[in-house]
Amino acid sequence: MTSAIAACARGEQTGLHRVIELEGGRLMGIAKRMLQRRDLAEEAVQDALVQIWRKASQFRAGEGSARGWVFAILRNRCLNILRDGGRLSTLDDAALLAIQDGRQAAALESFDALDEMALKDCLAELEPAPRRAILLAYVGGYSHGEIAALQSIPLGTCKSWIKRGLDALRRCLS
Amino acid sequence: MSREQEAEAFVLGLMDDTEASRAEAALATDPEWARAVGQARDRFLPLDMTAVPAPVPADLWERIAPELQMAKPKAANLPSAPRLRRLLPASIAAAIALAVGIGIGSQTLRPEPVVIAVLMDDSGAARAVVEDYGSESARVRFVSDVAVPDGQQMQVWTLPSPERGPVSLGLLKEDRAEHLSPPELPTPADGQLYEITLEPLGGSPTGRPTGPILAKGFAARQNDI
(Lines give C-alpha, C1' and ligand atoms only; values in the text may rest on other atoms or scores of the structure.)
Protein backbone atom coordinates (compact mmCIF):
# COMPACT_ATOMS: atom_id res chain seq x y z
CA MET A 1 0.00 0.00 0.00
CA THR A 2 2.89 2.36 0.78
CA SER A 3 4.24 2.06 -2.76
CA ALA A 4 0.74 2.52 -4.22
CA ILE A 5 0.38 5.83 -2.34
CA ALA A 6 3.87 6.87 -3.45
CA ALA A 7 2.82 6.22 -7.07
CA CYS A 8 -0.31 8.36 -6.55
CA ALA A 9 1.92 11.14 -5.18
CA ARG A 10 3.96 10.96 -8.41
CA GLY A 11 0.73 11.41 -10.37
CA GLU A 12 0.61 7.82 -11.63
CA GLN A 13 -2.97 6.52 -11.90
CA THR A 14 -1.71 2.93 -11.64
CA GLY A 15 -1.10 3.79 -7.97
CA LEU A 16 -4.80 4.44 -7.40
CA HIS A 17 -5.70 1.29 -9.36
CA ARG A 18 -3.47 -0.59 -6.98
CA VAL A 19 -5.21 0.94 -3.92
CA ILE A 20 -8.55 -0.30 -5.28
CA GLU A 21 -7.09 -3.72 -6.08
CA LEU A 22 -5.57 -4.09 -2.60
CA GLU A 23 -8.29 -2.61 -0.40
CA GLY A 24 -11.26 -1.58 -2.56
CA GLY A 25 -13.44 -4.37 -1.18
CA ARG A 26 -12.47 -3.57 2.38
CA LEU A 27 -13.14 0.14 1.83
CA MET A 28 -16.63 -0.73 0.58
CA GLY A 29 -17.09 -3.03 3.60
CA ILE A 30 -16.06 -0.35 6.10
CA ALA A 31 -18.29 2.26 4.45
CA LYS A 32 -21.22 -0.15 4.20
CA ARG A 33 -20.88 -0.98 7.89
CA MET A 34 -20.86 2.66 8.94
CA LEU A 35 -23.50 3.93 6.47
CA GLN A 36 -25.53 0.72 5.99
CA ARG A 37 -26.76 1.73 2.53
CA ARG A 38 -24.93 0.68 -0.59
CA ASP A 39 -25.58 3.99 -2.40
CA LEU A 40 -24.06 6.00 0.45
CA ALA A 41 -21.15 3.59 0.79
CA GLU A 42 -20.36 3.88 -2.91
CA GLU A 43 -20.41 7.66 -2.66
CA ALA A 44 -18.08 7.62 0.37
CA VAL A 45 -15.59 5.27 -1.29
CA GLN A 46 -15.63 7.28 -4.48
CA ASP A 47 -14.98 10.55 -2.59
CA ALA A 48 -12.31 8.90 -0.46
CA LEU A 49 -10.40 7.64 -3.49
CA VAL A 50 -10.34 11.12 -5.03
CA GLN A 51 -9.09 12.50 -1.69
CA ILE A 52 -6.43 9.80 -1.48
CA TRP A 53 -5.25 10.80 -4.96
CA ARG A 54 -5.17 14.49 -4.08
CA LYS A 55 -3.56 14.11 -0.68
CA ALA A 56 -1.09 11.34 -1.56
CA SER A 57 1.88 13.70 -1.45
CA GLN A 58 1.00 14.58 2.15
CA PHE A 59 1.38 10.98 3.34
CA ARG A 60 4.59 10.42 5.28
CA ALA A 61 5.48 6.79 5.90
CA GLY A 62 7.17 7.39 9.29
CA GLU A 63 3.93 8.67 10.83
CA GLY A 64 1.84 5.50 10.59
CA SER A 65 0.85 2.82 8.10
CA ALA A 66 -0.38 3.69 4.61
CA ARG A 67 -3.40 1.45 5.17
CA GLY A 68 -4.30 3.33 8.37
CA TRP A 69 -4.02 6.62 6.45
CA VAL A 70 -6.24 5.34 3.63
CA PHE A 71 -8.89 3.99 6.01
CA ALA A 72 -8.84 7.26 7.99
CA ILE A 73 -9.69 9.23 4.84
CA LEU A 74 -12.62 6.91 4.17
CA ARG A 75 -13.88 7.02 7.77
CA ASN A 76 -13.74 10.80 7.59
CA ARG A 77 -15.89 10.84 4.43
CA CYS A 78 -18.38 8.50 6.11
CA LEU A 79 -18.56 10.76 9.19
CA ASN A 80 -19.20 13.76 6.94
CA ILE A 81 -22.14 11.96 5.34
CA LEU A 82 -23.54 10.89 8.73
CA ARG A 83 -23.13 14.30 10.35
CA ASP A 84 -24.16 16.55 7.50
CA GLY A 85 -27.61 17.57 8.68
CA GLY A 86 -29.18 17.68 5.23
CA ARG A 87 -27.50 14.61 3.85
CA LEU A 88 -29.84 11.95 5.24
CA SER A 89 -32.92 14.17 5.33
CA THR A 90 -34.38 12.69 2.13
CA LEU A 91 -34.69 9.29 3.80
CA ASP A 92 -37.94 8.32 5.53
CA ASP A 93 -38.12 7.31 9.20
CA ALA A 94 -38.06 3.59 8.48
CA ALA A 95 -34.91 3.93 6.38
CA LEU A 96 -33.22 6.04 9.07
CA LEU A 97 -34.19 3.54 11.75
CA ALA A 98 -32.76 0.72 9.66
CA ILE A 99 -29.47 2.61 9.36
CA GLN A 100 -29.34 3.19 13.13
CA ASP A 101 -30.10 -0.45 13.99
CA GLY A 102 -27.64 -1.75 11.44
CA ARG A 103 -24.83 0.55 12.56
CA GLN A 104 -25.24 -0.39 16.21
CA ALA A 105 -25.36 -4.09 15.54
CA ALA A 106 -22.36 -3.95 13.20
CA ALA A 107 -20.32 -1.91 15.69
CA LEU A 108 -20.91 -4.39 18.48
CA GLU A 109 -20.32 -7.44 16.25
CA SER A 110 -16.92 -6.10 15.22
CA PHE A 111 -15.49 -7.15 18.60
CA ASP A 112 -16.34 -10.82 18.04
CA ALA A 113 -14.95 -10.62 14.53
CA LEU A 114 -11.54 -9.37 15.68
CA ASP A 115 -8.67 -11.77 15.08
CA GLU A 116 -7.07 -13.11 18.23
CA MET A 117 -4.60 -10.34 18.86
CA ALA A 118 -3.62 -7.73 21.41
CA LEU A 119 -6.43 -5.32 20.56
CA LYS A 120 -9.05 -8.02 21.15
CA ASP A 121 -7.48 -9.10 24.45
CA CYS A 122 -7.24 -5.51 25.65
CA LEU A 123 -10.80 -4.64 24.60
CA ALA A 124 -11.95 -7.80 26.37
CA GLU A 125 -10.41 -6.53 29.61
CA LEU A 126 -12.56 -3.37 29.57
CA GLU A 127 -15.92 -3.18 31.29
CA PRO A 128 -18.67 -3.93 28.77
CA ALA A 129 -20.09 -0.37 28.77
CA PRO A 130 -16.84 1.50 27.89
CA ARG A 131 -16.02 -1.23 25.36
CA ARG A 132 -19.38 -0.77 23.65
CA ALA A 133 -18.95 3.00 23.67
CA ILE A 134 -15.53 2.78 21.99
CA LEU A 135 -16.83 0.37 19.34
CA LEU A 136 -19.87 2.56 18.65
CA ALA A 137 -17.56 5.52 18.11
CA TYR A 138 -14.89 3.89 15.98
CA VAL A 139 -16.86 1.32 14.02
CA GLY A 140 -20.31 2.92 14.00
CA GLY A 141 -19.17 6.53 13.67
CA TYR A 142 -21.30 7.70 16.58
CA SER A 143 -20.57 10.96 18.46
CA HIS A 144 -20.34 11.36 22.24
CA GLY A 145 -23.89 12.70 22.33
CA GLU A 146 -25.31 9.86 20.26
CA ILE A 147 -23.53 7.22 22.33
CA ALA A 148 -24.86 8.79 25.54
CA ALA A 149 -28.40 8.66 24.08
CA LEU A 150 -28.02 5.07 22.86
CA GLN A 151 -26.79 3.91 26.25
CA SER A 152 -29.25 6.13 28.17
CA ILE A 153 -26.52 7.78 30.22
CA PRO A 154 -25.61 11.45 30.79
CA LEU A 155 -23.17 12.97 28.32
CA GLY A 156 -20.53 13.56 31.01
CA THR A 157 -20.66 9.92 32.10
CA CYS A 158 -20.33 8.80 28.49
CA LYS A 159 -17.28 11.00 27.94
CA SER A 160 -15.57 9.79 31.08
CA TRP A 161 -16.31 6.12 30.26
CA ILE A 162 -14.77 6.53 26.86
CA LYS A 163 -11.79 8.44 28.21
CA ARG A 164 -11.12 5.86 30.91
CA GLY A 165 -11.65 3.03 28.45
CA LEU A 166 -9.20 4.53 25.96
CA ASP A 167 -6.61 5.13 28.69
CA ALA A 168 -6.87 1.53 29.86
CA LEU A 169 -6.74 0.27 26.29
CA ARG A 170 -3.61 2.28 25.53
CA ARG A 171 -1.88 1.06 28.69
CA CYS A 172 -2.78 -2.51 27.85
CA LEU A 173 -1.52 -2.23 24.27
CA SER A 174 1.79 -0.57 25.12
CA MET B 1 -5.58 16.03 27.63
CA SER B 2 -2.36 14.31 26.65
CA ARG B 3 -1.30 14.18 23.02
CA GLU B 4 -2.29 10.48 22.88
CA GLN B 5 -5.74 11.23 24.28
CA GLU B 6 -6.23 14.01 21.76
CA ALA B 7 -5.02 11.81 18.92
CA GLU B 8 -7.52 9.10 19.93
CA ALA B 9 -10.39 11.59 20.16
CA PHE B 10 -9.48 12.76 16.64
CA VAL B 11 -9.15 9.23 15.23
CA LEU B 12 -12.41 8.07 16.81
CA GLY B 13 -14.25 11.08 15.38
CA LEU B 14 -15.12 12.38 18.85
CA MET B 15 -13.95 15.96 18.32
CA ASP B 16 -16.38 18.69 17.34
CA ASP B 17 -16.03 20.22 13.87
CA THR B 18 -13.81 23.09 14.95
CA GLU B 19 -11.44 20.94 16.97
CA ALA B 20 -11.29 18.38 14.19
CA SER B 21 -10.44 21.01 11.54
CA ARG B 22 -7.71 22.37 13.75
CA ALA B 23 -6.38 18.87 14.41
CA GLU B 24 -6.48 18.05 10.70
CA ALA B 25 -4.64 21.27 9.77
CA ALA B 26 -1.95 20.62 12.39
CA LEU B 27 -1.10 17.27 10.74
CA ALA B 28 0.76 19.14 8.01
CA THR B 29 2.73 21.38 10.36
CA ASP B 30 3.37 19.34 13.52
CA PRO B 31 5.22 16.05 12.84
CA GLU B 32 4.95 14.91 16.45
CA TRP B 33 1.17 15.33 16.34
CA ALA B 34 1.02 13.56 12.98
CA ARG B 35 2.94 10.64 14.46
CA ALA B 36 0.61 10.43 17.48
CA VAL B 37 -2.37 10.34 15.09
CA GLY B 38 -0.70 7.76 12.82
CA GLN B 39 -0.01 5.51 15.80
CA ALA B 40 -3.55 5.88 17.15
CA ARG B 41 -4.92 4.96 13.71
CA ASP B 42 -2.76 1.88 13.61
CA ARG B 43 -3.89 0.81 17.10
CA PHE B 44 -7.51 0.71 15.89
CA LEU B 45 -6.78 -0.59 12.38
CA PRO B 46 -7.61 -4.22 13.29
CA LEU B 47 -11.23 -3.12 13.80
CA ASP B 48 -11.37 -1.87 10.20
CA MET B 49 -10.09 -5.26 9.10
CA THR B 50 -13.18 -6.91 10.61
CA ALA B 51 -15.41 -5.24 7.99
CA VAL B 52 -16.59 -7.85 5.53
CA PRO B 53 -15.35 -6.82 2.06
CA ALA B 54 -18.11 -5.83 -0.37
CA PRO B 55 -17.79 -5.61 -4.15
CA VAL B 56 -16.80 -2.22 -5.52
CA PRO B 57 -19.19 -0.76 -8.13
CA ALA B 58 -18.33 -2.00 -11.62
CA ASP B 59 -18.05 1.56 -12.90
CA LEU B 60 -16.01 2.86 -9.94
CA TRP B 61 -13.05 3.89 -12.09
CA GLU B 62 -15.25 5.69 -14.62
CA ARG B 63 -16.84 7.64 -11.77
CA ILE B 64 -13.58 8.86 -10.28
CA ALA B 65 -11.47 9.27 -13.43
CA PRO B 66 -12.75 12.77 -14.36
CA GLU B 67 -11.85 14.03 -10.87
CA LEU B 68 -8.31 12.72 -11.24
CA GLN B 69 -7.78 14.66 -14.44
CA MET B 70 -8.79 17.89 -12.73
CA ALA B 71 -6.78 17.30 -9.60
CA LYS B 72 -3.48 15.79 -10.51
CA PRO B 73 -1.34 15.70 -7.39
CA LYS B 74 1.93 17.51 -7.21
CA ALA B 75 4.87 15.25 -8.04
CA ALA B 76 6.84 14.87 -4.83
CA ASN B 77 10.19 15.64 -6.43
CA LEU B 78 9.17 18.78 -8.29
CA PRO B 79 9.73 22.25 -6.90
CA SER B 80 6.65 23.68 -5.19
CA ALA B 81 3.87 23.78 -7.77
CA PRO B 82 1.10 26.37 -7.40
CA ARG B 83 -0.87 24.84 -4.58
CA LEU B 84 -4.12 26.42 -5.60
CA ARG B 85 -4.20 24.82 -9.01
CA ARG B 86 -3.02 21.49 -7.72
CA LEU B 87 -5.74 21.13 -5.12
CA LEU B 88 -8.72 22.50 -6.93
CA PRO B 89 -10.98 21.09 -9.58
CA ALA B 90 -10.94 23.16 -12.76
CA SER B 91 -14.42 24.55 -12.18
CA ILE B 92 -13.40 26.10 -8.88
CA ALA B 93 -10.15 27.41 -10.31
CA ALA B 94 -12.26 29.03 -13.03
CA ALA B 95 -14.52 30.61 -10.40
CA ILE B 96 -11.48 32.11 -8.68
CA ALA B 97 -10.00 33.33 -11.93
CA LEU B 98 -13.31 35.01 -12.64
CA ALA B 99 -13.59 36.48 -9.14
CA VAL B 100 -10.00 37.73 -9.16
CA GLY B 101 -10.48 39.11 -12.67
CA ILE B 102 -13.54 41.08 -11.63
CA GLY B 103 -11.69 42.45 -8.61
CA ILE B 104 -8.79 43.67 -10.69
CA GLY B 105 -11.03 45.13 -13.37
CA SER B 106 -13.12 47.16 -10.96
CA GLN B 107 -10.37 48.33 -8.68
CA THR B 108 -7.08 49.03 -10.33
CA LEU B 109 -3.94 49.56 -8.29
CA ARG B 110 -5.32 47.38 -5.52
CA PRO B 111 -2.51 45.60 -3.63
CA GLU B 112 -2.05 41.90 -4.33
CA PRO B 113 -3.32 39.54 -1.63
CA VAL B 114 -0.59 37.61 0.20
CA VAL B 115 -2.76 34.49 0.20
CA ILE B 116 -6.05 33.39 -1.32
CA ALA B 117 -8.13 30.64 0.28
CA VAL B 118 -11.08 29.00 -1.41
CA LEU B 119 -13.54 27.93 1.26
CA MET B 120 -15.49 24.78 0.53
CA ASP B 121 -18.41 23.16 2.28
CA ASP B 122 -18.59 19.53 3.42
CA SER B 123 -19.50 18.34 -0.04
CA GLY B 124 -16.46 20.03 -1.57
CA ALA B 125 -18.46 22.80 -3.27
CA ALA B 126 -16.75 26.22 -3.33
CA ARG B 127 -18.64 28.75 -1.19
CA ALA B 128 -16.39 31.73 -0.68
CA VAL B 129 -12.98 33.14 -1.46
CA VAL B 130 -10.89 34.89 1.18
CA GLU B 131 -8.10 37.18 0.06
CA ASP B 132 -5.80 38.07 2.92
CA TYR B 133 -3.59 41.07 2.22
CA GLY B 134 -1.77 40.75 5.56
CA SER B 135 -1.31 44.11 7.31
CA GLU B 136 -4.81 44.01 8.84
CA SER B 137 -6.79 43.83 5.63
CA ALA B 138 -8.73 40.97 4.11
CA ARG B 139 -11.65 40.50 1.76
CA VAL B 140 -14.33 37.82 1.47
CA ARG B 141 -16.40 37.08 -1.58
CA PHE B 142 -19.06 34.43 -1.99
CA VAL B 143 -19.14 32.24 -5.06
CA SER B 144 -22.43 30.55 -4.20
CA ASP B 145 -25.46 31.40 -2.07
CA VAL B 146 -25.24 30.69 1.64
CA ALA B 147 -28.35 30.45 3.82
CA VAL B 148 -27.97 32.29 7.14
CA PRO B 149 -30.78 31.59 9.64
CA ASP B 150 -32.43 34.53 11.41
CA GLY B 151 -30.65 35.55 14.58
CA GLN B 152 -27.30 34.32 13.32
CA GLN B 153 -24.35 35.86 11.60
CA MET B 154 -21.37 34.59 9.68
CA GLN B 155 -17.92 35.02 11.18
CA VAL B 156 -14.62 34.55 9.38
CA TRP B 157 -11.70 32.88 11.16
CA THR B 158 -8.15 31.93 10.49
CA LEU B 159 -5.64 29.75 12.29
CA PRO B 160 -2.30 31.58 12.27
CA SER B 161 -0.75 28.73 14.32
CA PRO B 162 -2.06 25.79 16.37
CA GLU B 163 -0.59 27.38 19.53
CA ARG B 164 -2.43 30.64 19.02
CA GLY B 165 -5.68 28.96 18.00
CA PRO B 166 -8.36 30.45 15.74
CA VAL B 167 -8.58 34.23 15.44
CA SER B 168 -11.62 36.14 14.17
CA LEU B 169 -11.05 38.16 11.01
CA GLY B 170 -14.45 39.75 11.37
CA LEU B 171 -18.21 39.40 11.13
CA LEU B 172 -20.14 39.42 7.86
CA LYS B 173 -23.33 41.37 7.40
CA GLU B 174 -24.54 39.34 4.45
CA ASP B 175 -23.31 36.91 1.87
CA ARG B 176 -21.68 39.33 -0.51
CA ALA B 177 -18.20 40.75 -0.96
CA GLU B 178 -17.01 42.45 2.16
CA HIS B 179 -13.80 44.01 3.44
CA LEU B 180 -12.58 42.89 6.82
CA SER B 181 -10.20 44.58 9.24
CA PRO B 182 -8.63 41.74 11.19
CA PRO B 183 -6.36 42.31 14.18
CA GLU B 184 -2.62 42.43 13.64
CA LEU B 185 -1.45 38.91 12.80
CA PRO B 186 1.66 37.23 11.43
CA THR B 187 1.92 37.34 7.62
CA PRO B 188 -0.49 34.71 6.30
CA ALA B 189 1.28 31.49 5.35
CA ASP B 190 0.82 28.94 2.61
CA GLY B 191 -1.59 26.27 3.84
CA GLN B 192 -3.08 28.45 6.61
CA LEU B 193 -6.64 27.49 7.53
CA TYR B 194 -9.53 29.90 6.90
CA GLU B 195 -13.13 29.15 7.78
CA ILE B 196 -16.56 30.71 8.10
CA THR B 197 -18.83 29.66 10.96
CA LEU B 198 -22.40 30.50 11.91
CA GLU B 199 -22.43 32.43 15.16
CA PRO B 200 -25.03 34.33 17.22
CA LEU B 201 -25.67 37.94 16.14
CA GLY B 202 -22.72 40.06 17.22
CA GLY B 203 -20.30 37.19 16.88
CA SER B 204 -19.06 34.26 18.90
CA PRO B 205 -19.52 34.91 22.64
CA THR B 206 -16.26 33.10 23.46
CA GLY B 207 -13.95 34.68 20.89
CA ARG B 208 -13.45 31.21 19.40
CA PRO B 209 -15.61 29.50 16.78
CA THR B 210 -18.65 27.94 18.45
CA GLY B 211 -21.11 27.36 15.61
CA PRO B 212 -21.18 24.98 12.65
CA ILE B 213 -18.56 25.46 9.93
CA LEU B 214 -20.16 26.68 6.71
CA ALA B 215 -17.01 26.46 4.65
CA LYS B 216 -13.29 26.12 5.13
CA GLY B 217 -10.16 26.03 3.05
CA PHE B 218 -6.41 26.35 3.06
CA ALA B 219 -4.53 29.37 1.83
CA ALA B 220 -2.36 29.42 -1.27
CA ARG B 221 0.46 31.96 -1.25
CA GLN B 222 0.17 34.22 -4.24
CA ASN B 223 3.77 35.08 -4.97
CA ASP B 224 4.32 31.43 -5.95
CA ILE B 225 1.95 31.62 -8.90
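Attention in this report is confined to the structure presented alongside it. Note that the structure is predicted; figures quoted are calculated from it, not measured.

### Considerations on the interface of chain A and chain B
When the parts come together, some accessible area is lost, and that loss is often what is quoted as the size of the interface.
Now for step 1: On the chain B side, the residues contacting the 62 residues of chain A number 50 residues.
Now for step 2: Interface area, chain A with chain B, both sides summed: about 5,000 Å², of which 61% is carbon and sulfur.
Now for step 3: Remark: the boundary between chain A and chain B carries four salt bridges.
Now for step 4: Residue B:Glu67 is joined to A:Arg54 by a salt bridge in which the shortest nitrogen-to-oxygen separation is 3.2 Å.
Now for step 5: The interface formed by chain A and chain B contains 16 residue pairs in polar contact (both at pLDDT 80 or more).
Now for step 6: Of all elements in the fold, only helix H1 (2-9), helix H2 (13-35), helix H3 (38-55), helix H4 (66-83), helix H5 (93-113), helix H7 (128-138) and helix H9 (155-173) of chain A reach the threshold of two or more residues within the side of chain A that touches chain B.
Now for step 7: If one sorts the elements of the side of chain A that touches chain B by residue count, H2(A) sits on top with twelve residues.

### Digging into the environment of B:Glu6
Now for step 1: With respect to the element layout, B:Glu6 can be found in helix H1 (residues 3-11).
Now for step 2: In this structure the C-alpha to C-alpha distance between B:Glu6 and B:Ala36, which are 30 residues apart in sequence, comes to 8.8 Å.

### Focus: the environment of A:Trp69
Now for step 1: Residue placement: A:Trp69 occurs in helix H4.
Now for step 2: Put simply, A:Trp69 and A:Ala56 are 13 residues apart on the chain and 9.8 Å apart in space, counted from C-alpha to C-alpha.
Now for step 3: Sequence-distant contacts of A:Trp69, defined by excluding residues within four places in its chain, comprise A:Ile5, A:Ile52, A:Lys55, A:Ala56, A:Phe59 and B:Arg41.

### Let's talk about the pairing of strand E2 (residues 126-132) of chain B
Successive residues of a regular strand alternate their side chains across the two faces of the sheet.
Residues and elements named next belong to chain B.
Now for step 1: For E2, a buried count of six out of seven residues is recorded, marking the element as mostly surrounded by other parts of the structure.
Now for step 2: Where strand E1 (residues 115-120) meets E2, six bridges bridge the pair, whose relative direction is antiparallel. Within E2, the residue paired with Ala117 across the bridge is Val130.
Now for step 3: Between E1 and the antiparallel strand that follows it, E2, lie five residues; Gly124 among them carries a positive phi value of about 90°.
Now for step 4: Examined bridge by bridge, E2 and strand E3 (residues 138-142) share five bridges and lie antiparallel to one another. Bridging across to E3, Glu131 finds its partner in Arg139.
Now for step 5: The antiparallel pairing of E2 with E3 creates a hairpin that spans five residues between the two strands, and Gly134 there sits at a positive phi of about 70°.

### A word on unusual backbone geometry
Residue and element names in this part refer to chain A.
Now for step 1: The phi dihedral of Gln36 is positive, around 70°, even though this residue is not glycine.
Now for step 2: You can see Gln36 is positioned in the loop between H2 and H3.
Now for step 3: Under the relative-accessibility criterion, Gln36 is labelled partly exposed at 25%.
Now for step 4: Phi at Ser152 is positive, roughly 50°, even though this residue is not glycine.
Now for step 5: Looking at where Ser152 falls in the secondary structure, it is placed in the loop between helix H8 (144-150) and H9.

### Thoughts on H2(A)
All names here are of chain A.
Now for step 1: With 23 residues, H2 extends only 28 Å from end C-alpha to end C-alpha; this falls clearly short of the ideal 33 Å at 1.5 Å per step.
Now for step 2: At Glu23, H2 is deflected by roughly 65°, the largest bend along its length.
Now for step 3: Gln36 sits one or two positions beyond H2 and adopts a positive phi of about 70°.

### Some remarks on the pairing of strand E7 (residues 193-200) of chain B
Residues and elements named next belong to chain B.
Now for step 1: Most of E7 sits inside the fold, with seven of its eight residues counted as buried.
Now for step 2: Across eight bridges, strand E4 (residues 152-159) lies against E7 in antiparallel orientation. Counterpart to Trp157 in the pairing with E7 is Glu195.
Now for step 3: Here five bridges tie E7 to strand E8 (residues 213-221), and the two strands are oriented antiparallel to one another. For Thr197, the partnering residue across the bridge sits in E8 and is Ile213.

### Observations regarding H3(A)
Now for step 1: For H3(A), with 18 residues, the first-to-last C-alpha span of 25 Å sits near the 26 Å given by 1.5 Å per residue.
Now for step 2: Every buried residue of H3(A) is accounted for by A:Leu40, A:Ala41, A:Glu42, A:Ala44, A:Val45, A:Gln46, A:Ala48, A:Leu49, A:Val50, A:Ile52, A:Trp53 and A:Arg54.

### A few points about the state of the cysteines
Residue and element names in this part refer to chain A.
Now for step 1: Inspection of every chain in the model, using the stated rule, returns one disulfide over all chains.
Now for step 2: Put simply, Cys122 and Cys172 are joined by a disulfide, and their sulfur atoms are 1.9 Å apart. With the S-S bond torsion at -75°, the cross-link from Cys122 to Cys172 turns out left-handed. One end of the pair, Cys122, is in helix H6 (residues 118-125); the other, Cys172, is in helix H9, and 50 residues separate them in sequence.

### A short note on a negative patch on the surface
Residues and elements named next belong to chain B.
Now for step 1: Where like charges cluster on the molecular surface, the negative patch consists of Glu6, Asp16, Asp17, Glu19 and Asp122.
Now for step 2: The topology assignment puts Asp16 in the loop between H1 and helix H2 (17-29).
Now for step 3: Exposure remark for Asp16: the relative accessible area of 44% places this residue in the partly exposed category.

### Let's talk about the nonpolar core
Now for step 1: If you look at the biggest cluster of nonpolar residues, it comprises 47 residues, and the most contacted ones within it are A:Ile5, A:Leu16, A:Leu49 and A:Leu74.
Now for step 2: Looking at this core, the elements with two or more residues in it are H1, H2, H3, H4 and H5 of chain A together with helix H4 (60-70) of chain B.
Now for step 3: Ranked by residue count, the leading element in this core is H4(A), at ten residues.
Now for step 4: When residues of this core are assigned to domains, at least three map to each of domain 1 (1-90) and domain 2 (91-174) of chain A.
Now for step 5: Apart from the residues lying within four places of it in its own chain, the contact partners of A:Leu16 are A:Cys8, A:Leu49, A:Ile52, A:Trp53, B:Trp61, B:Ile64 and B:Leu68.
Now for step 6: A:Leu126, A:Tyr138, A:Ile162 and B:Phe44 belong to the second largest nonpolar core, which has 39 residues in total.

The rules we used
Residues numbered from 1 in each chain as written. Chains lettered and ligands numbered in written order. Predicted model: local features only at pLDDT ≥ 70, side-chain atom pairs only at ≥ 80, totals over all residues. Heavy atoms only, no water. Contact = heavy atoms within 4.5 Å. Buried area = accessible area lost by both parts, 1.4 Å probe. Salt bridge = Lys/Arg side-chain N within 4 Å of Asp/Glu carboxyl O. Polar contact = N/O pair within 3.5 Å; in protein donor to acceptor, adjacent residues only side chain to side chain. Helix = DSSP H or I, 4+ residues; strand = E, 2+ residues; numbered from the N terminus. Buried < 20%, exposed > 50% of the residue type's maximum accessible area, 1.4 Å probe, protein only. Pairing = 2+ DSSP bridges. Expected span 1.5 Å × (residues − 1). Bend = angle between axes of the 7 residues up to and from the residue. Disulfide = S-S within 2.5 Å. Patch = residues over 30% accessible without salt bridge, like charges linked within 9 Å, V, L, I, M, F, W, Y side chains within 5 Å. Areas by Shrake-Rupley, 256 points an atom, 1.4 Å probe, with all protein chains shown as cover. Lys, Arg positive; Asp, Glu negative; His and termini not counted. Charge placed at Lys NZ, Arg CZ, Asp CG, Glu CD. Core = buried A, V, L, I, M, F, W, Y, C linked by side-chain atoms within 4.5 Å. Domains from an automatic or database assignment.

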